[in-house]
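The primary structure of each chain is shown beneath.
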Amino acid sequence: MSRTSTSKQANTLATEEVIILRPTRGWAALNLRDLWRFRELAFFLTWRDVIVRYKQTVLGAGWAILQPLINMIVLSVIFGNFAKMPTEGIPRPVFTFAALLPWGLFSKALSDAGRSMLSNRNMITKVYFPRLIIPLSSVLGGVVDFAIQFVILLGMMLYYQIYPTPAVWTLPLFLLLALVTALGFGLWISSLNVMYRDVNYVLPFLTQLWLLVTPVAYSARVVPEQWQFLYALNPMVGVVEGFRWALLGAETPPGPNLMISSVIAVLVLVTGMFYFRRMERTFADMV
Amino acid sequence: MSDLAIRVEHLSKQYRIGAQIERYRTLRDSLTNIVSWPKRLLRGELALGSETIWALDDISFEVKKGDVLGVIGRNGAGKSTLLKILSRVTEPTRGYAEIHGRVGSLLEVGTGFHPELTGRENIALNGAILGMKRAEIERKFDEIVAFSGVEKFIDTPVKRYSSGMYLRLAFAVAAHLEPEILVVDEVLAVGDAEFQRKCLGKMSDVARQGRTVLFVSHNMSAILRLTEETIVLEKGRLALRAPSQQAVDYYLTSGFGQTGEHYWQPDEIPADAAPFHPIALRVLDTQNRVVDTVRSVEPTTVEIEYRLDAPITGLRVGIYLLSAHGELIFTSFDTDDQAQFERIGNRPAGHYLSRCTIPADLLNEGRYVVGVNASAYRVRRYFQDESALAFSVDAAGAPGMQWMEPRLGPIRPRLEWQIEHANEAGSSSLSAKNAWNFPGRGAQGGAEKPTEGKL
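Residues numbered from 1 in each chain as written. Chains lettered and ligands numbered in written order. Predicted model: local features only at pLDDT ≥ 70, side-chain atom pairs only at ≥ 80, totals over all residues. Heavy atoms only, no water.

Caption draft 1: Structural detail: the sheet that holds strand E18 (residues 350-358) of chain B. Residues and elements named next belong to chain B. An order of E10-E11-E13-E18 is seen for the four strands of this open sheet, with the pairing classed as antiparallel. The sheet is open, and its two edges are formed by strand E10 (261-263) and E18, each paired on a single side. Strand-to-strand twist in this sheet, taken as the mean axis angle between neighbours without regard to direction, amounts to 15 degrees. Two elements, strand E11 (residues 276-284) and strand E13 (residues 300-308), share eight bridges in a ladder whose sense is antiparallel. Bridge assignment links Phe276 to a residue of E13, and that residue is Leu308. (Pairing = 2+ DSSP bridges. Helix = DSSP H or I, 4+ residues; strand = E, 2+ residues; numbered from the N terminus. Axes fitted to C-alpha atoms, helices over the stretch in contact; angles between N-to-C directions.)

Shown next, in the form of structure tokens:
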């Protein structure tokens, strides 16, 4: 017993690291190495969020399915029966559901990440770890729901006898784009939320408006040509178009719009990370 | 490389406090303000006031490996800020610190515990938060569970745990972190006596293994028992670094005016004290005058003035009395009396005075420190200030004053003494010629009263 402890101690002494604490000025480096070292924590927090989410609910993970299903029904009824938006010959439920999947991932990530810094306040004010892990893991938490919903989508496609296009292999890329977008905006929103609780009130409206400027309930082709460039500034346009294209063969094949969407998404992510890092040093004092 | 564990140089930390004070005097000011608005928005300056305080002001010290250093100071002196900087929770505003090795903290017990998760799941999560690798957690898992003593409930959500079980499990994880530098902050404030004992035990274990401990406490006797050296913080500055006894003496006797009363300043009242708002603490003599020196042979009144901004149920307001060396002499609450407690179970909002009388012939001469505690048992501690006020006791007229020797010990009670002269024959009678003429309760029937005062 004593031997193990001394050898352990010798071991730690040999690999002792020196941490220098000093005020950082201006824009700090992203310190991705530290992030990598704490990757297990990101995993644990994601896992916690997923486990906790449906504890003490009757339906459990059924909610992951029910939420987009109900959304789909509502949107299908409104946009199909009243607004009569075209769906390019794809059955409306599948057409809408295929878009609701990435949209749900995004909107959930947005609201979870926005709240994440506040709900993990007691960790932030007591222990050191790269704070980026918190919004990151709340974004990743949505992937589990996404996977469950994806199985339902496949079932629906089977039912309507729609088969994926040969381009289905690009789907993970669009998923990645959705995650990049969600994390990028999530970082901005979570760090602003630390300082201004106003964000909590703005976010629901923002998400609703965002849904309207994203081709979830309708096809992106409805948008007139001259507006397409502006439209594509919303990175979720590229994501949703891409999902429908890769899975259902609907919508415009990826082109300049996707490029614009991707550039914006990456830009938001990178600026979000730097902004987050810059504000990180005061999180513990302000949260 | 060196035998240094912590080096702190000119460390300072500034906090923004209070409300925004902004007045636009001229159009130009307003315009500049509008232009800089997005920038200030992103910096979070709109939600914060421009008023600032220095919570830490130019602190420098070093701690060698294996040292146990005490950190003491009044509320708001900067102790927590110092620990937060050293454990990397927040950044210093100025200065520099160097930490050799992993910092663990017993302050962090239960950080990230989620009520819905089971004990097993929380161990894994909490371990990860404290910086353990998954392999490390798995290796120590059984040990942690055994240490916590909650084996039977390990697969039960911790929200069903009693507070004691919860604390034990949380502590077990923190205690198995094996950091090179252990930071202990106010463990004595939480948990029951058993838990506190465990914490202190763990701390001395860590120290014995040659690791470094920073021990922050208001408990002077714990500081004296566990540390060799102590630093005293005063309003963010390092007032003294000295052997612990000296530091404690300094801390307990300095900084008090010779006034016999203490008004709490806003920066001495933590925000989480609300709705309890301490106002003043006074030492009064028999004529109700505020005095710095009281007489041992007269009763002394200690008065706590406070305000409740909202009703509190189960509140008890009380005092600690400490000697100048930091030994706790007694603790007493205004609702210690069962009947009184039942009568004043719920205290409505308002302005209060809680007053108690320290009986005559109790305290020895010397300097004493009064602390204040306002809490609801097992529910919440609203406010605590272990050393709010100091006063002196003058022993004139106290028992034993005819000898010029100092009497040791914090109390000097006037006890009734009886001296019996027992004859070899069997205590038949005392000689009337005996100049001492002791009273006895033997054959003479105790007719004489004790005359101790004449001795």
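Caption draft 2: Up close: unusual backbone geometry. All names here are of chain B. Residue Ala274 is joined to Pro275 through a cis peptide bond whose omega torsion reads 5 degrees. The backbone phi angle of His10 is positive, close to 50 degrees, even though this residue is not glycine. Secondary-structure assignment places His10 in strand E1 (residues 4-17). His10 gets classed as partly exposed once you look at its relative accessible area, which sits at 47%. (Buried < 20%, exposed > 50% of the residue type's maximum accessible area, 1.4 Å probe, protein only.)

Caption draft 3: A look at the pairing of strand E3 (residues 68-73) of chain B. All names here are of chain B. With respect to burial, E3 is a largely interior element, six of its six residues being buried. Both faces of E3 are covered, namely the face carrying Val68, Gly70 and Ile72 and the face carrying Leu69, Val71 and Gly73. Bridging between E3 and strand E7 (residues 212-216) involves four bridges; their strand directions are parallel. Bridge assignment links Val71 to a residue of E7, and that residue is Val216.

Caption draft 4: View of the interface of chain A and chain B. At the interface, 46 residues of chain A touch 50 residues of chain B. For the chain A and chain B pair, buried surface summed over both sides reaches about 4,400 Å², with 59% attributable to carbon and sulfur atoms. The largest contributions to the chain A side of the interface with chain B come from Leu21, Lys126 and Tyr196 of chain A, which together make up 15% of the buried area. Taken together, the connections running from chain A to chain B amount to zero salt bridges. (Contact = heavy atoms within 4.5 Å. Buried area = accessible area lost by both parts, 1.4 Å probe. Salt bridge = Lys/Arg side-chain N within 4 Å of Asp/Glu carboxyl O.)

Caption draft 5: Here's a closer look at the packing of aromatic side chains. Residues and elements named next belong to chain A. Summed over all chains, the structure comprises 20 aromatic pairs over all chains. Ring plane angle 85 degrees and centroid distance 6.2 Å describe the contact between Phe38 and Tyr128, whose orientation is recorded as edge-to-face. Within this pair, whereas Phe38 is found in the loop between helix H2 (32-37) and helix H3 (39-53), its partner Tyr128 is found in the loop between helix H6 (121-124) and helix H7 (133-159), the two being separated by 90 residues in sequence. For Phe38, a relative accessible area of 12% puts it in the buried group. What makes Tyr128 buried here is its relative accessible area of 18%. (Phe/Tyr/Trp six-rings, centres within 6.5 Å; stacked < 30°, edge-to-face > 60°.)

Caption draft 6: Representation of the nonpolar core within the structure. Formed by 142 residues in total, the largest nonpolar core has its most connected members in Leu153 and Leu248 of chain A together with Ile123, Val213 and Phe215 of chain B. Discounting residues that sit within four places of it in the chain, Leu153 of chain A has contacts with Val94, Phe97, Ala98, Leu101 and Leu247 of chain A. If you look at the next biggest cluster of nonpolar residues, it comprises 31 residues, including Val291, Ala388, Leu389 and Phe391 of chain B. (Core = buried A, V, L, I, M, F, W, Y, C linked by side-chain atoms within 4.5 Å.)

Caption draft 7: Here's a closer look at the environment of Arg221 of chain A. Residues and elements named next belong to chain A. For Arg221, the location among the structural elements is in the loop between helix H9 (198-212) and helix H10 (228-232). Arg221 gets classed as partly exposed once you look at its relative accessible area, which sits at 47%. Residues Arg221 and Thr87, spaced 134 residues apart in sequence, show a C-alpha to C-alpha distance of 9.7 Å. Beyond its immediate chain neighbours, meaning those up to four positions away, Arg221 contacts Glu88, Glu251 and Thr252.

Caption draft 8: A look at the sheet that holds strand E5 (residues 103-105) of chain B. All names here are of chain B. The strand order E5-E6-E7-E3-E8-E9 describes an open sheet built from six strands, whose pairing is mixed. On the outer flanks of this sheet lie E5 and strand E9 (237-243), each paired with one strand and no other. The average angle at which neighbouring strand axes cross in this sheet is 20 degrees, direction not considered. As paired strands, strand E8 (residues 229-234) and E9 are joined by six bridges and run antiparallel to one another. Bridging from a neighbouring strand, Ile231 pairs with Arg241 of E9. On the sheet, helix H3 (residues 79-86) packs against E3, E5, strand E6 (181-185), E7 and E8 and is oriented at approximately 150 degrees with respect to E7.

Caption draft 9: Inspection of helix H11 (residues 235-248) of chain A at higher detail. Residue and element names in this part refer to chain A. Taking 1.5 Å of rise per residue, the 14 residues of H11 would be expected to cover 20 Å, and the 20 Å separating its terminal C-alpha atoms lies within 8% of that figure. Counted residue by residue, H11 has 13 buried out of 14 residues, so it is predominantly covered. Where H11 terminates, the next one or two residues include Gly249, which has phi positive at roughly 75 degrees. (Expected span 1.5 Å × (residues − 1).)

Caption draft 10: Quick peek at the side chain of Ser244 of chain B. All names here are of chain B. With respect to the helices, strands and loops of the structure, Ser244 is situated in helix H9 (residues 244-253). Side-chain polar atoms of Ser244 contact the backbone nitrogen of Glu229, separated by 3.2 Å. Looking at Ser244, its side chain comes within polar contact range of the side chain of Thr230, at 2.7 Å. (Polar contact = N/O pair within 3.5 Å; in protein donor to acceptor, adjacent residues only side chain to side chain.)

Caption draft 11: Structural view of the packing of H3 of chain A against H7 of chain A. Residue and element names in this part refer to chain A. For the pair H3 and H7, interaxial distance at closest approach is 8 Å and the crossing angle is 50 degrees. On the basis of the axis angle, H3 is oblique to H7. Read as a crossing pair, H3 and H7 show a hand that is right-handed. Taking contact as the criterion, the partners of Leu41, Ala42, Leu45, Thr46, Asp49, Val50 and Arg53 in H3 are, on H7, Ile133, Ile134, Ser137, Ser138, Leu140, Gly141, Gly142, Val144 and Asp145. Tallied by class, residues from the contact of H3 with H7 come to eight nonpolar, five polar and three charged. (Parallel < 35°, antiparallel > 145°, perpendicular 65-115°, else oblique. Left-handed = near helix turned anticlockwise from the far one by under 90°. Nonpolar A, V, L, I, M, F, W, Y, C, P; charged D, E, K, R; others polar.)

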